[in-house]
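# An overview of the molecular structure
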Amino acid sequence: QVQLVESGGGSVQAGGSLRLSCAASYMNDCMGWLRQAPGKEREGVAAIYTPGGRTYYKDSVKGRFTISRDNAKNTLYLQMNSLKPEDTAMYYCATETRGLCSTFDFAVWGQGTQVTVSS
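Residues numbered from 1 in each chain as written. Predicted model: local features only at pLDDT ≥ 70, side-chain atom pairs only at ≥ 80, totals over all residues. Heavy atoms only, no water.

With that settled, the discussion passes to the sheet that holds strand β8 (residues 75-80). Pairing is antiparallel in the open sheet, where four strands are placed in the order β1-β3-β8-β7. Sheet topology places β1 (4-7) and β7 (65-70) at the edges, where each strand pairs with a single neighbour. Geometrically, the sheet is characterised by an average inter-axis angle of 15° between neighbouring strands, direction not taken into account. Bridge count for β1 against strand β3 (residues 18-24) is four bridges, and the pairing is antiparallel. Bridge assignment links Leu4 to a residue of β3, and that residue is Ala24. (Pairing = 2+ DSSP bridges. Helix = DSSP H or I, 4+ residues; strand = E, 2+ residues; numbered from the N terminus. Axes fitted to C-alpha atoms, helices over the stretch in contact; angles between N-to-C directions.)

Take the pairing of strand β9 (residues 89-97) next. By the bridge criterion, five bridges tie strand β4 (residues 30-36) to β9 in an arrangement that is antiparallel. Across the sheet, Gln36 pairs through a bridge with Met90, a residue of β9. Where β9 meets strand β11 (residues 113-118), three bridges bridge the pair, whose relative direction is antiparallel. Within the sheet, the bridge partner assigned to Met90 lies in β11 and is Gln114.

The full count for this structure, using the stated rule, is zero aromatic pairs. The aromatic ring of Tyr77 is capped on one face by Arg19, whose charged end is 4.0 Å from the ring centroid. The ring of Tyr92 has Arg42 lying over it, and the distance from NZ or CZ to the ring centre is 4.2 Å. (Phe/Tyr/Trp six-rings, centres within 6.5 Å; stacked < 30°, edge-to-face > 60°. Lys NZ or Arg CZ within 6 Å of the ring centre and 35° of its normal.)

Quick look at unusual backbone geometry now. With the exception of glycine, most residues fall at negative phi, and the peptide bonds are largely trans. Residue Pro51 is reached from Thr50 by a cis peptide bond, and omega for that bond is 5°. With respect to the secondary-structure elements, Pro51 resides in the loop between β5 (43-49) and β6 (54-57). Positive phi, normally seen in glycine, also occurs at Ser82, with a value near 50°. With respect to the helices, strands and loops of the structure, Ser82 is situated in the loop between β8 and β9. Accessibility expressed as a relative area gives 41% for Ser82, which makes it partly exposed. (Buried < 20%, exposed > 50% of the residue type's maximum accessible area, 1.4 Å probe, protein only.)

So, about the state of the cysteines. Going through the model one piece at a time under the given rule, you end up with two disulfides. Here Cys22 is linked by a disulfide to Cys93, with a sulfur-sulfur distance of 2.1 Å. Its torsion about the S-S bond being -75°, the disulfide of Cys22 and Cys93 is classed as left-handed. With a gap of 71 residues between them, Cys22 in strand β3 and Cys93 in strand β9 connect regions that are remote in the sequence. For Cys22, a relative accessible area of 1% puts it in the buried group. Between the sulfur atoms of Cys30 and its disulfide mate Cys101 the distance is 2.0 Å. The sign of the S-S torsion, about 85°, decides the handedness of the disulfide formed by Cys30 and Cys101: right-handed. (Disulfide = S-S within 2.5 Å.)

A separate point is the nonpolar core. In terms of nonpolar packing, the biggest core is built from 28 residues, with Trp33, Leu76, Leu78, Met80 and Tyr91 touching the most fellow members. Looking at this core, the elements with two or more residues in it are β3, β4, β5, β7, β8, β9 and β11. Looking at this core element by element, the count peaks at four residues for β3. Beyond its immediate sequence surroundings of up to four residues, Leu78 is in contact with Leu18, Arg19, Leu20, Trp33, Val45, Ala46, Phe65, Thr66, Ile67 and Tyr91. (Core = buried A, V, L, I, M, F, W, Y, C linked by side-chain atoms within 4.5 Å. Contact = heavy atoms within 4.5 Å.)

Functional significance is not addressed by these values, which are geometric in nature.
Here it is as structure tokens:
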């Protein structure tokens, strides 16, 4: 089974930026990021599909977050700009999609990295 290790989380003030990284034992065509805030269900944030590099985003992060991947390094990234307090959550790298990449329906995810945004 694929192994996923996230890093790059931390605490920032609103308006700040963070870059998450995910080291994967191997990369599938569809890779993505999920997040889960306290008391809320896990939700899809972004996904990327290759070949082609097509990307998909949750509406609330469009224009602020950018997902990318480096297949040579088996690494997935999430650049997060203009962070808001409502972005506070545990962020998970994910793969093994159970449907279309755009549905964020992943079967495997890592241990997560915490992102905390203060106002």
